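# Fold and contact review
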Amino acid sequence: MNPKERSRIIFVFVLELLLLLSIVVYLSHFVIFKSEAVANRPENRRRTIAKQNIKRGNILDRDGNVLAYTEGEAGNYKRLYNEPNIYSHIIGYSSMRHGDYLLERSYRDYLLGEQQVPIKEKVLDLWSEGFDPKKKEGADVIITTNTELQRKAFEEILDSHEKGAVVVLNPKTGEVLA
């Protein structure tokens, strides 16, 4: 083998080694720095498949009325809404096909039990319910609205036959009541 061929072979070898090394560095960057962001992207089906096995927590109003709840068995849960007409613009929806929207999306991690729950709540849950490693349930979310005020505001808008919106706030605390 003459020196010119040998130098060409070494050049090709070094070039391939650099290309391989660049691929390793590029993929390592995603694994180390971007993996959580990629895993949490809405188009990532793994999260959707995994959440089918978690019973989503309830959404309750300030008086403890259940506004949204989950029925079914692991792998076949269905999200149901008690007051869909008067709360749809606040709660939104959770769907395997269309994803999550509004409160269902904002509090998704908490409703699926993926958000860090304060240790005090964990200990109280273990004390009252016992430990079941197969049990996968999300936490409940309590919102500040009042269902009676919400219903009254909804009826007033319907009766007026006009377009509009009603917001009822507690001026001292900033709570949204309807």
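Residues numbered from 1 in each chain as written. Predicted model: local features only at pLDDT ≥ 70, side-chain atom pairs only at ≥ 80, totals over all residues. Heavy atoms only, no water.

### Looking at helix H7 (residues 147-160)
At 3.6 residues per turn, the α-helix brings residues three or four places apart onto the same side. Taking 1.5 Å of rise per residue, 14 residues should cover 20 Å, and H7 covers 20 Å from first to last C-alpha, within 8% of that figure. Among the residues of H7, Thr147, Gln150 and Ala153 are the ones counted as buried. Each buried residue of H7 lies within a common arc of 130 degrees when the element is viewed along its axis, so the set occupies one face. For H7, exposure combined with an orientation more than 90 degrees from the buried face picks out Glu148 and Asp159. Elements in contact with the buried residues of H7: strand S2 (66-73) and helix H3 (84-91). (Helix = DSSP H or I, 4+ residues; strand = E, 2+ residues; numbered from the N terminus. Expected span 1.5 Å × (residues − 1). Buried < 20%, exposed > 50% of the residue type's maximum accessible area, 1.4 Å probe, protein only. Arc of directions from axis to C-beta. Contact = heavy atoms within 4.5 Å.)

### Comments concerning the sheet that holds strand S3 (residues 76-81)
Ordered by their spatial adjacency, four strands build an open sheet running S3-S2-S1-S6, and the pairing between neighbours is mixed. The open sheet is flanked by S3 and strand S6 (141-142), the only strands paired with a single partner. Here strand S1 (residues 59-60) runs beside S6; their pairing, made up of two bridges, is parallel. Its bridge partner being in S6, Ile59 is matched across the sheet by Val141. Contacts from H3 reach S1, S2 and S3, with the element oriented near 90 degrees to S2. (Pairing = 2+ DSSP bridges. Axes fitted to C-alpha atoms, helices over the stretch in contact; angles between N-to-C directions.)

### So, unusual backbone geometry
With a phi angle near 55 degrees, His161 is a residue other than glycine that sits in the positive phi range. Relative to the helices and strands, His161 is located in the segment after H7. For His161, a relative accessible area of 71% puts it in the exposed group.

### What about the confidence of the model for the protein?
Per-residue confidence for the protein averages 78 on the pLDDT scale, and 86% of its residues sit at or above 70. Per-element averaging of pLDDT across the protein places helix H6 (residues 119-129) at the bottom with 53 and helix H1 (residues 3-39) at the top with 88. (pLDDT = per-residue confidence, 0-100.)

### Looking at the pattern of salt bridges
In the structure shown here, the tally under the stated rule is four salt bridges. Two residues, Arg151 and Glu83, come together in a salt bridge whose shortest N-O distance is 2.6 Å. Taken together, the positions of Arg151 in helix H7 and Glu83 in the loop between S3 and H3 put the pair 68 residues apart, joining distant regions of the chain. Take Arg151: its relative accessible area is 25%, and that puts it in the partly exposed class. On the basis of relative accessible area, Glu83 is assigned to the partly exposed category, the value being 22%. (Salt bridge = Lys/Arg side-chain N within 4 Å of Asp/Glu carboxyl O.)

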